[in-house]
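Reading the structure
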Amino acid sequence: MPESLTAAPDWLREEVLTLAWCWRLARRDGVVIGLTSHDRDLLIGGLLYRAAPGMKPSALETSDSLDAATMDLEGAIASDAIAARDLDAGRWDGAELELFVTDWTAADVAPVTVARGSLGAIERRGAAFAAELQGVTRLLDRPVCPATSPSCRAMLGDRACRVDLAPLTHVRRVVAVEGRAVTLDSAVAGMVFGELLWIEGANCGLASPVIAADGAVLQLAEGPSFALAGAARVRLTEGCDNQLATCRDRFANAINFRGEAHLPGNDLLTRYPGG
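Every value quoted in this text rests on a predicted model; they were computed, and no experiment measured them.

Parameters and conventions
Residues numbered from 1 in each chain as written. Predicted model: local features only at pLDDT ≥ 70, side-chain atom pairs only at ≥ 80, totals over all residues. Heavy atoms only, no water. Helix = DSSP H or I, 4+ residues; strand = E, 2+ residues; numbered from the N terminus. Contact = heavy atoms within 4.5 Å. Areas by Shrake-Rupley, 256 points an atom, 1.4 Å probe, with all protein chains shown as cover. Core = buried A, V, L, I, M, F, W, Y, C linked by side-chain atoms within 4.5 Å. Buried < 20%, exposed > 50% of the residue type's maximum accessible area, 1.4 Å probe, protein only. Salt bridge = Lys/Arg side-chain N within 4 Å of Asp/Glu carboxyl O. Phe/Tyr/Trp six-rings, centres within 6.5 Å; stacked < 30°, edge-to-face > 60°. Lys NZ or Arg CZ within 6 Å of the ring centre and 35° of its normal.

**What about the overall build of the protein?**
Each helix and strand counted, the protein has 2 helices and 15 strands in total. Taking as baseline every contact in the protein between residues at least 6 positions apart, the subset at least 24 positions apart corresponds to 55%. Of the accessible surface of the protein, which amounts to about 15800 Å², a share of 52% is contributed by carbon and sulfur atoms.

**With respect to the nonpolar core**
Judged by nonpolar contacts, the single largest core of 19 residues is most densely connected at Leu-25, Leu-35, Ile-82, Trp-92 and Leu-97. Counting residues per element, the ones that place at least two in this core are β1 (19-26), β2 (32-36), β7 (96-103), β8 (112-125) and β9 (128-134). Counting residues per element, this core draws most heavily on β8, at 4 residues. In this view, Leu-25 contacts Val-31, Val-32, Ile-33, Leu-35, Trp-92, Glu-96, Leu-97 and Leu-119; residues no more than four positions away in its chain are not counted. Of all hydrophobic cores here, the second largest spans 16 residues; its members include Ala-89, Leu-184, Leu-220 and Leu-236.

**So, unusual backbone geometry**
Even without being a glycine, Arg-162 presents a positive backbone phi close to 70°. Following the sequence through the fold, Arg-162 ends up in the loop between β9 and β10 (169-178). The phi dihedral of Asn-242 falls on the positive side, at around 65°, and the residue is not glycine. Mapped onto the secondary structure, Asn-242 falls in the loop between β15 (232-237) and α2 (244-249). On the accessibility criterion, Asn-242 (21% relative accessible area) is partly exposed.

**What to know about the pattern of salt bridges**
Applying the stated criterion across every chain, the model contains 9 salt bridges. Two residues, Arg-173 and Glu-200, come together in a salt bridge whose shortest N-O distance is 3.2 Å. Of this pair, Arg-173 sits in strand β10 while Glu-200 sits in the loop between β12 (195-198) and β13 (207-214), placing them 27 residues apart in sequence. A relative accessible area of 24% means that Glu-200 is categorised as partly exposed.

**Looking at the environment of Arg-235**
Considering the arrangement of structural elements, one finds Arg-235 in strand β15. Sequence separation of Arg-235 and Arg-173 is 62 residues, and the distance between their C-alpha atoms is 8.6 Å.

**Things to note about the packing of aromatic side chains**
This model, assessed by the stated rule, comprises 1 aromatic pair. With centroids separated by 5.6 Å and ring planes inclined at 80°, the aromatic side chains of Tyr-49 and Phe-100 adopt a geometry described as edge-to-face. Taken together, the residues span a long stretch of sequence, with Tyr-49 in strand β4 (residues 47-51) and Phe-100 in strand β7 at a distance of 51 residues. The pair formed by Tyr-49 and Phe-100 is uniform in burial state, with each residue classed as buried. Positioned above the aromatic ring of Trp-92, the side-chain terminus of Arg-27 is 5.1 Å from the ring centre.

**Notes on the side chain of Glu-238**
Positionally, Glu-238 belongs in the loop between β15 and α2. Excluding its chain neighbours within four sequence positions, the residues that come into contact with Glu-238 are Leu-156, Pro-167, Leu-168, His-170, Ala-189, Gly-190, Met-191, Gly-194 and Arg-250.

**Things to note about the environment of Val-109**
Position of Val-109 relative to the elements: it lies in the loop between β7 and β8. Accessibility expressed as a relative area gives 23% for Val-109, which makes it partly exposed. Between the alpha carbons of Val-109 and Ile-44 there is a distance of 8.9 Å; along the sequence they are 65 residues apart.

**Comments concerning the environment of Ala-229**
When you line up the elements, Ala-229 lands in the loop between β14 (217-220) and β15. Between the C-alpha atoms of Ala-229 and Ala-202, which are 27 residues apart in sequence, the distance is 8.1 Å.

Here's what the structure looks like:
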């Protein structure tokens, strides 16, 4: 039994248990679903957990008080829960997941959380899928300090950058799509390196970086996953090329520039003999 269950409630210490595995998944676009290994739906904490007998955890590893280091989640693709087209479109990438056990005969008792984390790589296997759960220990793999860079390491609008994105955010309609090129009903300046987020239609919730712009025509890094049926609204966020001149002249934000634009590079050592 995982160490996280050693302080389990009394109901989990009974001689006969009626356990059900449950998964709570929250996508980045705000969609939350519940799934259970039981053969009937369960109402837990006001959320309906749909029966998904094919769902199961495997290769679960826990240690100390940290969340799961690694875990594989396997299950069948259900049209009303986890649809194949949503997996392929990336809607489940990075979704937050909580795995717990509960007594299916008394779903109102306090459940026991076994692991939590976010979904990593998702692999399609015919009519099924497998996903890796990344626990908090993955944060320990981050560099202790950032590497030097002539360009800014911050993202436009994040806590390090501090630029207000409200004036840089616009709503337009996409009136035509051809491959990775989308045509807006009116042009928006400064969209190169920005982002397009679909806020209605079949692609609602999906986003793509903008790599080029020519008036009202934007070139996306990835074309929309689903065909456009009529005009659809999108939210556009202007971009930044992460250069000091842009940070200074366009955003008046040089004080928050997170790069070393004037630091000599490694080629300085080869300019002079013996350097």
